[in-house]
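# Reading the structure
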Protein chains: 2
Amino acid sequence: MKIGFIGLGIMGKPMGQNILKAGYKLVVCSRNAASVAELTAAGATSAATPKEVAAQVDVVITMLPNSPEVKAVVLGANGVIEGARPGCIVADMSSIAPLASREIAASLAAKGIEMLDAPVSGGQPKAISGTLSVMVGGKQEIFDRCVPVFKSMAASVVRVGDIGAGNIAKLANQVVVALNIAAVSEALVLAAKAGADPDLVYQAIRGGLAGSTVMDAKAPLMLDRKFNPGFRINLHIKDLANALDTSHEVGAPLPLTASVMEILQTLKHDDHGNSDHGAIVRYFEKLAKIELKRAAP
Amino acid sequence: MKIGFIGLGIMGKPMGQNILKAGYKLVVCSRNAASVAELTAAGATSAATPKEVAAQVDVVITMLPNSPEVKAVVLGANGVIEGARPGCIVADMSSIAPLASREIAASLAAKGIEMLDAPVSGGQPKAISGTLSVMVGGKQEIFDRCVPVFKSMAASVVRVGDIGAGNIAKLANQVVVALNIAAVSEALVLAAKAGADPDLVYQAIRGGLAGSTVMDAKAPLMLDRKFNPGFRINLHIKDLANALDTSHEVGAPLPLTASVMEILQTLKHDDHGNSDHGAIVRYFEKLAKIELKRAAP
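Each value, and the rule that gives it
- Residues numbered from 1 in each chain as written.
- Chains lettered and ligands numbered in written order.
- Predicted model: local features only at pLDDT ≥ 70, side-chain atom pairs only at ≥ 80, totals over all residues.
- Heavy atoms only, no water.
- Helix = DSSP H or I, 4+ residues; strand = E, 2+ residues; numbered from the N terminus.
- Rg over C-alpha atoms; globule rule 2.2 N^0.38 Å.
- Buried < 20%, exposed > 50% of the residue type's maximum accessible area, 1.4 Å probe, protein only.
- Lys, Arg positive; Asp, Glu negative; His and termini not counted.
- Charge placed at Lys NZ, Arg CZ, Asp CG, Glu CD.
- Contact = heavy atoms within 4.5 Å.
- Buried area = accessible area lost by both parts, 1.4 Å probe.
- Salt bridge = Lys/Arg side-chain N within 4 Å of Asp/Glu carboxyl O.
- Polar contact = N/O pair within 3.5 Å; in protein donor to acceptor, adjacent residues only side chain to side chain.
- Domains from an automatic or database assignment.
- Least-squares fit on C-alpha atoms with pLDDT ≥ 70 in both.
- Core = buried A, V, L, I, M, F, W, Y, C linked by side-chain atoms within 4.5 Å.
- Phe/Tyr/Trp six-rings, centres within 6.5 Å; stacked < 30°, edge-to-face > 60°.
- Axes fitted to C-alpha atoms, helices over the stretch in contact; angles between N-to-C directions.
- Parallel < 35°, antiparallel > 145°, perpendicular 65-115°, else oblique.
- Left-handed = near helix turned anticlockwise from the far one by under 90°.
- Nonpolar A, V, L, I, M, F, W, Y, C, P; charged D, E, K, R; others polar.
- Pairing = 2+ DSSP bridges.
- Expected span 1.5 Å × (residues − 1).

## With respect to the overall build of chain A
- Counting its secondary structure elements, chain A contains 14 helices and 9 strands.
- In terms of overall size, chain A behaves like a compact globule, its C-alpha atoms giving a radius of gyration of 21 Å where 297 residues would be expected to give roughly 19 Å.
- Taken along the three principal axes of its C-alpha coordinates, chain A extends 65 × 45 × 35 Å.
- Residue burial in chain A is summarised as follows: out of 297 residues, 58% are buried.
- Where the 29 positive side-chain charges of chain A centre and where its 26 negative ones centre are 4 Å apart.

The structure is reproduced here in structure tokens:
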């Protein structure tokens, strides 16, 4: 099985490297010449356009910023659709709008090209270590054929449903994460402003119904004032924009997610767009005119 | 050490029973005559007023609905303050406003009476099994003297800080729980309305950063349409009212908690006040004109 990989950014480059390490033949294409050089030095070949990639491979993986970029690369001039043979599989691992995944898949299906939407979670560290989580939408038989390729990059590969379902799961994930961070933020800032030690409050509630992976991941970083990413606020804005667009298109209002979006936008305009999303706490700290801190030891 | 217990409701009655089982002498007082009879049959004695309880014991435990009831029982006519000797300890295990705890403690301190605020989490099942979690505010030495009594009712007893800190931790807990339930609700209703199987989405995201105790406790109940309490929406409204009052008094705005409060109030007026707080999902289902369900097996 020969693989194409389009988009060698922060995530795509290490993902491509892990595919190579697993022994697959790889054809890459990216606007990032340095990354292309790195991959070809490691054994990949390169192609000038997505069309040329698709003409040579069985599976084309795309790892791009958002829906418009995926549409352009797959359906645009010199795009994947112009080079791919019938039976070829496009596995889009970008995090994009699920309705865009379905549109792209429909265009590809008209030419006999299969598609999976397969967004990931885990960020750059897990892209490097090959331990991403992949959430996949698409036909079972196409999924089954691609599992070994996904496994070369991931610790967990789950089929969630038909095309679009991978990105729906990703958006559900991002909605919950954003709201859970905001929940921890409101609670700890209230506790501190009311005169309690936020660390002791965190310790007191983490083992009960209020406990969450977000609480254990982010509360210590908030208390230590560590807001280096991690996962950037600007990226969470992109994901929530897709969640809200989807909610508007299908008719499933998300009033709390919309409020968190306003908080993220405020932080972006306060120059925190490249901070970790744990910096959501800064919004509530500013409202309360207080900063979380650990008690003196 | 002789214990007084005032308030033998759904929580107080089993808590009093567990104190008796641990071998303490117990004096009870409650408007619930049947509960008083049950406790005296099990070895307690009864007193007619909080004043008479306090005159006979070393520690007076109160377990009452909210701040006004605690103020009336402790500071009102024939209240604890009229009977308690200097050195007596009032351990209020009700969930009330932390600023009310501090006011009551200040009034008691003027007469040489000590106080702890010691709200619990875990609900009736853990009150019966004696495995509550107790979050305590107050002086370390007073806390230390009461730990054995708390342990007769609880699996976890943690001092969070000075007086009021117990209720601050409880409110922080309730803020996080309400928002985390709303987060799971928005995410799964969006997923279902967008065409994915909400159970598969739940399974796909529960192991990652979106995972939470709330998600694992409530998502299956939402999918199974089980909304019997558990923890009633009416009680969560009481706790969020105390959280919002506190936030207004200390100046720590809680915009998302305020939004969840509106959702809870809407559900109360839709006759879901006695449903489990997992019924928060019904609000979003109504907006999206859909109900979560499991896929046919």
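## Topic: the interface of chain A and chain B
- On the chain B side, the residues contacting the 56 residues of chain A number 56 residues.
- If you sort the residues of chain A by the area they bury against chain B, Leu190(A), Leu209(A) and Leu256(A) come out on top, with a joint share of 16%.
- Remark: the boundary between chain A and chain B carries 0 salt bridges.
- Taken together, chain A and chain B are joined by 8 residue pairs in polar contact (both at pLDDT 80 or more).
- Contributions of two or more residues to the side of chain A that touches chain B are made by helix 9 (165-193), helix 10 (198-205), helix 11 (213-223), helix 12 (233-250), helix 13 (255-272) and helix 14 (280-288) of chain A.
- In terms of residue count, helix 9 of chain A provides more of the side of chain A that touches chain B than any other element does, 19 residues in total.

## Concerning the domain arrangement of chain A
Residue and element names in this part refer to chain A.
- If you check the domain split of chain A, you get domain 1 (2-163) and domain 2 (168-288).
- Of the residues lining the interface, 13 residues belong to domain 1; the matching set on domain 2 comes to 10 residues.
- Across the domain 1 to domain 2 interface the summed buried area is about 960 Å²; carbon plus sulfur atoms make up 61%.
- Taken together, the links from domain 1 to domain 2 amount to 0 salt bridges.

## Focus on the relation of the copies chain A and chain B
- You can overlay chain A on chain B at an RMSD of 0.0 Å; the transform is a turn of 180° with a shift of 0.0 Å along its axis. This pairing of chains is accounted for by a two-fold axis. For chain A, the smallest separation between a C-alpha atom and the rotation axis is recorded for Ser212(A), amounting to 1.9 Å.
- Looking at the interface residues of chain A, 100% of them are also at the interface in chain B, so both copies use one shared face.

## What about the nonpolar core?
- Core analysis: the biggest nonpolar cluster contains 109 residues, and Val201(A) and Val201(B) have the highest contact counts within it.
- When near neighbours in sequence (up to four residues on either side) are disregarded, Val201(B) contacts Val160(A), Ala169(A), Ala172(A), Leu188(B), Ala191(B) and Ala196(B).
- Counting 35 residues, the second-largest nonpolar core is a separate cluster that includes Leu132(A), Val136(A), Val147(A) and Val157(A).

## Looking at the packing of aromatic side chains
Residues and elements named next belong to chain A.
- Enumeration over the complete set of coordinates arrives at 2 aromatic pairs over all chains.
- Ring plane angle 85° and centroid distance 5.3 Å describe the contact between Tyr283 and Phe284, whose orientation is recorded as edge-to-face.
- Phe284 gets classed as buried once you look at its relative accessible area, which sits at 1%.

## Observations regarding unusual backbone geometry
- The step from Pro229(A) to Gly230(A) runs through a cis peptide bond, and the omega angle for that step is 5°.
- With respect to the secondary-structure elements, Gly230(A) resides in the loop between helix 11 and helix 12.
- Look at Asn78(A): it is not a glycine, yet its phi comes out positive at around 60°.
- Structurally, Asn78(A) is set in the loop between helix 4 (67-75) and helix 5 (80-83).
- The phi angle at Asp271(B) is positive, at roughly 70°, despite the residue not being glycine.
- Note on placement: Asp271(B) falls in helix 13 (residues 255-272).

## Re the packing of helix 12 of chain A against helix 13 of chain A
Residue and element names in this part refer to chain A.
- Where helix 12 contacts helix 13, the two axes come as close as 10 Å, and the packing angle between them is 150°. Put simply, helix 12 runs roughly antiparallel to helix 13. The interaxial crossing formed by helix 12 with helix 13 has left-handed handedness. Contacts between helix 12 and helix 13 involve Ile233, Asn234, His236, Ile237, Leu240, Ala241 and Leu244 from the first element and Thr257, Ala258, Val260, Met261, Leu264, Gln265, Leu267, Lys268 and His272 from the second.
- Broken down by class, the residue content of the contact of helix 12 with helix 13 amounts to 10 nonpolar, 5 polar and 1 charged.

## Thoughts on the pairing of strand 4 (residues 59-62) of chain A
All names here are of chain A.
- Along strand 4, one buried face is formed by Val59 and Ile61 and the opposite face, lined by Val60 and Thr62, is buried too.
- Where strand 4 meets strand 5 (residues 89-92), 4 bridges bridge the pair, whose relative direction is parallel. Considered in strand 5, the bridge of Thr62 is made with Asp92.

## Details of the pattern of salt bridges
Residues and elements named next belong to chain A.
- Scanning the model with the defined rule gives 24 salt bridges over all chains in all.
- A salt bridge links Lys238 to Asp239, with the nearest nitrogen and oxygen atoms 3.8 Å apart.
- The buried category is assigned to Lys238, whose relative accessible area is 16%.
- Between Lys286 and Asp270 there is a salt bridge, with the nearest N and O atoms lying 3.1 Å from each other. On the criterion of sequence distance, the pair formed by Lys286 in helix 14 and Asp270 in helix 13 is long-range, its members being 16 residues apart.
- Judged by relative accessible area, which is 32%, Asp270 ranks as partly exposed.
- Where salt bridges share partners, they join Asp199, Asp224 and Arg294 into one cluster.

## Re helix 12 of chain A
- Taking 1.5 Å as the rise per residue, helix 12 of chain A with 18 residues should run 26 Å; its terminal C-alpha atoms sit 25 Å apart, in good agreement.
- All of the buried residues in helix 12 of chain A are Ile233(A), His236(A), Ile237(A), Lys238(A), Asp239(A), Leu240(A), Asn242(A), Ala243(A), Leu244(A), Thr246(A), Ser247(A) and Val250(A).
- In this structure, the buried side of helix 12 of chain A is in contact with helix 4, helix 6 (98-109), helix 9 and helix 13 of chain A together with helix 9 (165-193) of chain B.
- Looking one or two places after helix 12 of chain A, you find Gly251(A), whose phi comes out positive at around 85°.

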